[in-house]
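# Examination of the molecular architecture
The residues making up each chain are set out below.
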Amino acid sequence: MYKTRNLPNTRIDVADALRGIAVAGIILYHSVEHFNIFTAEPITHTLASDQMVSDVLAWLLSGKMYGIFAMLFGLSFFIMNDNQQQKGKNFSGRFAWRMCLLFMFGIVNVAFYDGDILMLYACYGLLLIPISYLPSKWVWCIIALLAIQPVELFCLLTGTTLDHSTLWEVYGKINSAHEHGTFWENTLTNLQYGFEVNFRFNVFSGRLTQLLCLFILGMQLGRQRLFYNENGNLKVWHTILICSTIVVIALSFVDFGSLDSWLKPIYNLIILLMIVSAIVSAWYAFEGVRQVLHHLCIFGRMSLTNYLLQSVIGCFIFCGYGLACYHLLGITYAVMVGCGMVVCQYLFARYWFSNHSRGPLENLWRKLTWI
């Protein structure tokens, strides 16, 4: 059984920066997707750069930002759990209650945006409780098993085909409400189908096991204290950066063909590791990088609030009940809107932290956790 090493868990600024990058990236890619509105109507304002912008951001952001968010979720769990162990307390029951609260936040979020991840994260988070008791060697085995995409590999080896027709049927119902429904019709449709469609999409995209893998990986990175600049940790990050970059370059020239459903999620995972290792390495190597990314630390410290805010603001901008920009703006213009959302939410975060130590929802979540 794992036991605390009784080492101090000081605040990890680079983790805040990564969290800020993840949330900002989520906002930008949601804007590319018009907040899950895939219309057949002609787009009024387009640019020649639309396809290139879409391809670049899909490669850089799609699946990676959610993954970074999941990994840092696991890191946060470790820190809270380890702090309680150092006090001689068991955190399992309190964390289960914390996940119930997160699920409730997810219900609020899905009322606005059908692509909510908080409810699924709350369910995945509960699995961290039993895994946290295991010694590190068994945790690494679980991470390795999940990283090879066991569901997709099983389907490939056995010839099993998963039926995703229900996913597209549900998407059709939700999309229609987004385009032509009132706010309340959107809300009711999202509440009815939101959790189902997100779970089905996780199965379809290979995220079912990968997100759990990243949750556990974040917890394990906390155990190893790899986000601290100590004990040669930077050499580990440099090795990960070099190896992941080589693999990404090599796989970029490979046509996955019939192996796409299995290899594409693994390819995305390696890109994620390349991004994280590059940011951590640059953070500790260059003062200028730390100064620039400090702004994203502010954004990341309010990640839950910013995530819910982007759902409210983004859906009002793109849905039919609001400004109906889903059929007005091409991808490049939509990304500009996303950048504007990031800037506005960053300015709000700066203003809020001038008078408070935590974000509004972060503070509420903390108080309810320890009620």
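Quick notes on the rules
- Within every chain, residues take consecutive numbers counted from 1 along the sequence as written.
- In view of the model being predicted, local features appear only for residues whose pLDDT reaches at least 70, and side-chain atom pairs are presented and counted only at 80 or more, with totals across whole chains, interfaces and linings using the full set of residues.
- To get the side-chain values, take all heavy atoms of the structure and skip hydrogens and water.
- Only runs of H or I of at least four residues qualify as helices and only runs of E of at least two qualify as strands under DSSP, and these elements are numbered from the N terminus.
- The contact criterion used throughout is that any non-hydrogen atoms of two residues lie within 4.5 Å.
- Each reported salt bridge corresponds to a side-chain nitrogen of Lys or Arg within 4 Å of a carboxyl oxygen of Asp or Glu.
- Partly exposed describes any residue whose relative accessible area lies between the buried limit of under 20% and the exposed limit of over 50%, with all areas from a 1.4 Å probe on protein chains only and scaled to the type maximum.
- Ring pairs shown here join Phe, Tyr and Trp side chains whose ring centres sit within 6.5 Å, with only the six-membered ring taken for Trp; geometry is labelled stacked below 30 degrees between planes, edge-to-face above 60, and tilted in between.
- Whether a charge lies above a ring is judged from NZ of Lys or CZ of Arg, which has to be within 6 Å of the ring centre and within 35 degrees of the ring normal.
- Each residue after the first adds 1.5 Å to the expected span of a helix.
- Interaxial angles span 0 to 180 degrees and are taken between N-to-C directions of axes, which are lines fitted to C-alpha atoms, for helices over the stretch in contact.
- Reported orientations rely on four angle classes, namely roughly parallel under 35 degrees, roughly antiparallel over 145, roughly perpendicular from 65 to 115, and oblique for the rest.
- Polar here means any residue other than Ala, Val, Leu, Ile, Met, Phe, Trp, Tyr, Cys and Pro, which are nonpolar, and Asp, Glu, Lys and Arg, which are charged; Gly is therefore polar.
- Patch criteria: residues need more than 30% relative accessible area and no salt bridge. Like-charged residues are merged within 9 Å; nonpolar side chains of Val, Leu, Ile, Met, Phe, Trp and Tyr are merged within 5 Å.
- With residues, only the protein chains shown are counted as cover, and all accessible areas are computed by Shrake-Rupley using a 1.4 Å probe.
- If you view the pair so one helix is near and one far, a crossing is left-handed when the near helix is turned anticlockwise from the far one by less than a right angle, and right-handed when it is turned clockwise.
- By nonpolar core is meant a set of buried Ala, Val, Leu, Ile, Met, Phe, Trp, Tyr and Cys residues that side-chain atoms within 4.5 Å join together.

Of note, S31 is situated in helix α1 (residues 13-32). Excluding anything up to four places from it in sequence, S31 contacts F318, A334, V335, G338 and M341.

With that settled, the discussion passes to the pattern of salt bridges. Counted under the stated rule, the structure contains five salt bridges. The salt bridge involving R19 is made with D16; its shortest N-O contact spans 3.1 Å. Of this pair, R19 and D16 both sit in helix α1, three residues apart, roughly one helical turn. Residues R19 and D16 agree in their burial class; the two are buried.

A separate point is the environment of G63. Relative to the assigned elements, G63 resides in the loop between α2 (50-61) and α3 (64-86). Excluding residues within four positions of it along the chain, G63 makes contact with R207 and L272.

What follows concerns the packing of aromatic side chains. Under the counting rule described, the total for this entry stands at 22 aromatic pairs. Seen from their ring centres, F35 and Y113 are 5.6 Å apart, and the 75 degrees between their planes marks the pair as edge-to-face. Here Y113 lies in the loop between α4 (92-110) and α5 (118-131) and F35 lies in the loop between α1 and α2, a separation of 78 residues in the sequence. In this structure, F35 and Y113 share a single accessibility class: buried. Centroid distance F103 to F195: 6.1 Å. Interplanar angle 55 degrees. Geometry classified as tilted. You can see F103 sitting in helix α4 and its partner F195 sitting in helix α9 (residues 183-205), a full 92 residues away along the chain. A relative accessible area of 28% places F103 in the partly exposed class. Linked through ring pairs, F69, F73, Y121, Y124, F215 and Y307 together constitute an aromatic cluster. It is R223 that lies over the ring of Y2; its NZ or CZ is 3.9 Å from the centre. Above the plane of the ring of F353 lies R301, whose end atom (NZ or CZ) is 4.2 Å from the centre.

Time to look at helix α15 (residues 331-353). Compared with the 33 Å implied by 1.5 Å per residue over 23 residues, the 33 Å span of α15 between its first and last C-alpha is a close match. Residues I331, T332, A334, V335, G338, M341, V342, Q345, Y346, A349 and F353 constitute the buried set of α15. Buried-residue contacts for α15 involve α1, α2, α13 (287-300) and α14 (303-318).

This part takes up the packing of α13 against α15. α15 packs onto α13 with a crossing angle of 80 degrees between their chain directions and a minimal axis gap of 9 Å. By the angle between their directions, the pair α13 and α15 is classed as roughly perpendicular. In contact with H295, I298 and F299 of α13, α15 contributes V342, Q345, Y346, A349, R350 and F353. Residue composition of the contact of α13 with α15, grouped by class: six nonpolar, two polar and one charged.

With that settled, consider unusual backbone geometry. Even without being glycine, N6 reaches a positive phi, approximately 60 degrees. Turning to its location among the elements, N6 is positioned in the segment before α1. One non-glycine residue, N36, adopts positive backbone phi at about 65 degrees. With respect to the secondary-structure elements, N36 resides in the loop between α1 and α2.

Moving on, we come to a nonpolar patch on the surface. A surface patch of nonpolar side chains, about 260 Å² in accessible area, is lined by L47, Y333 and M336. Looking at where L47 falls in the secondary structure, it is placed in the loop between α1 and α2.

At a closest axis distance of 6 Å, the pairing of α14 and helix α16 (residues 360-369) adopts a crossing angle of 120 degrees. Judged on the interaxial angle alone, α16 and α14 are oblique. Crossing of α14 over α16 shows right-handed handedness. Between α14 and α16, the contacting residues are S303, L304, T305 and L308 on the first element and P360, L361, E362 and W365 on the second. The residue inventory of the contact of α14 with α16, partitioned by class, reads five nonpolar, two polar and one charged.

Before going further, it helps to examine the nonpolar core. Residues I68, L102, Y121, I216 and F227 are the most contacted members of the largest nonpolar core, which totals 102 residues. Element by element, the count of residues in this core is highest for α1, at 13 residues. With sequence-adjacent residues up to four places away left out, I68 is seen in contact with L18, A22, L272, I275 and V276. Y171, I174, Y193 and V197 belong to the second-largest nonpolar core, a separate cluster that totals six residues.

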